[in-house]
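Topology and contacts: notes
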Amino acid sequence: MTHYTILPMDAVLDGIEDVGRVRTVELVVNGVTMEVQPINQQQASIVRLISCNPQDFLNPRFAPGRLIEFQPVPSED
């Protein structure tokens, strides 16, 4: 695709990295660290597991796409 413009390339491509990117957060559920996509204040969808235990990957409760419920805890940063 050809795009003709008088704008500098920096202005044209500014923010292109964020297009289609989904906001995710790391969360620990039952001792298993996972990356989730928040849906609302108490629910999230599992994106991927971040675990060293192979048994966690075999547990169907932690399958990607599965909804989990959690209580947000304020950070102490």
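Preceding this paragraph is the structure being described.
So, a few notes on the structure that sits alongside this text. Residue positions are counted from 1 within each chain, in the order its sequence is given. Thresholds applied to this predicted model are a pLDDT of at least 70 for local features of residues and 80 or more for the giving and counting of side-chain atom pairs; totals over whole chains, interfaces and linings are not thresholded and use all residues. Only hydrogens and water are set aside; all other atoms, that is, all heavy atoms of the structure, feed into the side-chain values.

Our next topic: the overall build of the chain. Tallying secondary structure elements over the chain gives two helices and four strands in all. Numbering of helices and strands runs from the N terminus, with a helix taken as a DSSP run of H or I at least four residues long and a strand as a DSSP run of E at least two residues long. Ordered by position from the N terminus, the helices and strands of the chain form the series α-β-β-β-α-β. For each residue, the accessible area found with a 1.4 Å probe, counting protein chains only, is set against the maximum for its type, and the residue is called buried under 20%, exposed over 50%, and partly exposed in between. For the chain, with 77 residues in total, the buried portion stands at 18%. When contacts within the chain are restricted to residue pairs at least 6 apart in sequence, those whose partners lie at least 24 apart make up 28%. The contact definition used throughout considers only heavy atoms, calling two residues in contact when any of these lie within 4.5 Å.

In this description, strands pair whenever DSSP reports at least two bridges between them. Relative to strand β3 (residues 43-49), strand β2 (residues 32-38) runs antiparallel, the two being bridged by five bridges. Bridged to Gln-37 within β3 is Ser-45. The hairpin turn running from β2 into β3, its antiparallel successor, is four residues long. With three bridges connecting them, β3 and strand β4 (residues 67-69) associate as antiparallel partners. Residue pairing across strands places Gln-43 opposite Glu-69, the latter belonging to β4.

A few words now on the sheet that holds β4. Reading across the sheet, the four strands line up as β1-β2-β3-β4 and stay open at both edges, with antiparallel pairing between neighbours. Where the open sheet ends on each side, the last strands, each with one partner, are β1 (25-29) and β4. Strand-to-strand twist in this sheet, taken as the mean axis angle between neighbours without regard to direction, amounts to 55°. Comment: axis = line fitted to C-alpha atoms, over the contacting stretch for helices; angle = value between 0 and 180 degrees taken between N-to-C directions.

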